[in-house]
Amino acid sequence: MYVPRVPHRSRWLVREAHTEYVEDVKECGKYDVAVLGAPHDAGTTYRPGTRFGPQGMRRISALYGSYSFELGVDLRESITIADLGDIFTIPGNIEKSFDQIAKGVSHVFASGAFPVVLGGGHSIGYPTVRGVAEHLSGNLGIIHFDRHVDTQETDLDERMHTTPWYHATDLLNVPAKNLVQLGIGGWQAPRPGVKVSRERETTILTVNDCVEMGMEAAAERALEVAWDGTDAVWLSFDVDCLDVAFVPGTGWPEPGGFLPREVLELVRRISEPGLAGMEIVECSPPYDSADITSLVGVRVICDVLGTLVRSGRLPRGDR
Ligand SMILES: [Mn+2]
């Protein structure tokens, strides 16, 4: 199968050289993890630039080693990681880009490699989930970190980055009751989206909810919701769930978000039972300062992969 993409020679975690740039996308199933960029920001409603998110995260990934003292995991020893480059998205065409992204993620997921998608704006949440859900006989849950609900049907009359979960939960095997949304709050959560979240009975945990109940209890609640009757769970991580101080490089920064240590604890806990794949979205290097937003994005990926290794979910047992 041909997945149209832009060859991208820079490699994820390049300093440690434990990722391999894979020219032939048909080979990705030989790896435990496949990183691919979805540089699509045409669905952005205000500050653009997330098309450079994959570049930004790849570049800063060179700062990380492969070993985590806290997790007791060395990724290089434990798993193989391929970087497939970027999916060929069309800057002026949202719907066509959705088809490209869905096709790319579908191919990677079907290959058996764990997909790590570098966004891109949050509009990509719909096609990424579509690409995974089509391979499942059962249902898919979604754990969604964000300050914004992203559940309205359209924005500016299009399927923008404020709308992915309306369309994802329209898919037959992606029930809205298995969508849990962590970190919602502030003055940017649009009322049309909140109305849809209420109607479809998604589960919203605000930052204050999580702080009051504690991160452990919040993660347990998220897992209960996402895994209730589902076969797999997708992780969608919008960097703006963190306080604006930590993520200046994003389209809709919002004060009052999570602290890095809070969000990393949540991410580690929700990854433990396994995931179908993950995406990091809304990282916009043109607005970033000293690459710290990209640094957060890569850190979340490393912690998810490390947790999956530690809990025995990676590498895949069947190879
Ligand atoms: Mn957001």
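Quick notes on the rules
Residues numbered from 1 in each chain as written. Predicted model: local features only at pLDDT ≥ 70, side-chain atom pairs only at ≥ 80, totals over all residues. Helix = DSSP H or I, 4+ residues; strand = E, 2+ residues; numbered from the N terminus. Buried ≥ 20, exposed ≤ 12 C-beta atoms within 10 Å, placed from the backbone. Pairing = 2+ DSSP bridges. Axes fitted to C-alpha atoms, helices over the stretch in contact; angles between N-to-C directions. Parallel < 35°, antiparallel > 145°, perpendicular 65-115°, else oblique. Contact = placed C-beta atoms within 7 Å. Nonpolar A, V, L, I, M, F, W, Y, C, P; charged D, E, K, R; others polar. Left-handed = near helix turned anticlockwise from the far one by under 90°. Core = buried A, V, L, I, M, F, W, Y, C linked by C-beta atoms within 7 Å. Arc of directions from axis to C-beta. Right-handed = clockwise from strand over helix to strand, strands pointing away.

(A) Structural detail: unusual backbone geometry. For the bond running from Gly119 to Gly120, omega is 15°, close enough to zero to count as cis. For Gly120, the position within the fold is in the loop between β7 (114-119) and α4 (125-133). The amide bond that connects Leu314 to the next residue, Pro315, takes the cis arrangement and shows omega of -5°. Although it is not a glycine, Leu156 adopts a positive phi angle of roughly 55°. For Leu156, the location among the structural elements is in the loop between β8 (139-145) and α5 (164-168). Looking at Leu156, the number of C-beta atoms within 10 Å reads 10, which means it is exposed.

(B) Structural context of the pairing of β8. Across the 7 residues that make up β8, a large majority, 7, are buried. Burial along β8 is two-sided: Asn139, Gly141, Ile143 and Phe145 and Leu140, Ile142 and His144, pointing in opposite directions, are all buried. Summarising the sheet, β8 and strand β11 (residues 230-238) pair through 7 bridges and their orientation is parallel. Bridged to Phe145 within β11 is Phe237. Pairing analysis gives 4 bridges linking β8 to strand β9 (residues 179-184), with the strands arranged parallel.

(C) Structural context of the packing of helix α1 (residues 53-61) against helix α10 (residues 292-310). Where α1 meets α10, the axes come as close as 8 Å, and the angle between the chain directions of the two elements is 75°. The angle between the axes of α1 and α10 places the two elements in the roughly perpendicular class. Counted together, Gly56, Met57, Arg59, Ile60 and Ser61 of α1 and Ser294, Leu295, Gly297 and Val298 of α10 form the full contact between these two elements. Counted by class, the contact of α1 with α10 contains 4 nonpolar, 4 polar and 1 charged residues.

(D) Up close: the packing of helix α9 (residues 260-271) against α10. Viewed as axis vectors pointing N to C, α9 and α10 meet at an angle of 35°, and their least axial separation amounts to 9 Å. Classified by chirality, the crossing of α10 by α9 is right-handed. On α10, the residues that touch Pro260, Leu264, Val267, Arg268 and Ser271 of α9 are Val296, Val300, Asp303, Val304, Thr307 and Leu308. Its residues placed into classes, the contact of α9 with α10 shows 7 nonpolar, 2 polar and 2 charged.

(E) Quick look at the environment of Arg191. Structurally, Arg191 is set in helix α6 (residues 191-200). When the C-alpha positions of Arg191 and Asp291 are compared, they lie 32 Å apart, and in sequence the two are 100 residues distant.

(F) Spatial organisation of the nonpolar core. If you look at the biggest cluster of nonpolar residues, it comprises 90 residues, and the most contacted ones within it are Val33, Ala34 and Leu305. Residues within four places of Ala34 in sequence aside, it is in contact with Cys28, Ala82, Leu84, Val108, Ala113 and Pro115.

(G) Geometry of α6. Within the sequence span of α6, burial applies to Gly193, Val196 and Ser197. What you see down the axis of α6 is that its buried residues fit within an arc of 100°, all on one side. Counted as exposed and oriented over 90 degrees from the buried face of α6: Arg191, Arg198 and Glu199. Taken from the residues just after α6, Glu201 is the one with a positive phi, measuring 60°.

(H) Fine view of the environment of Arg261. The residue Arg261 is located in helix α9 in this model. Taking the C-beta count within 10 Å as the criterion, Arg261 has 9 such neighbours and is therefore assigned exposed. Considered as a pair, Arg261 and Met215 are 46 residues apart in the sequence and their alpha carbons are 10.0 Å apart.

(I) Representation of the pairing of β9. Most of β9 sits inside the fold, with 6 of its 6 residues counted as buried. Here 4 bridges tie β9 to strand β10 (residues 203-206), and the two strands are oriented parallel to one another. Paired with Val180 across the two strands is Thr203, which belongs to β10. Regarding topology, α6 serves as the crossover connection from β9 to the parallel β10, and that connection is right-handed.

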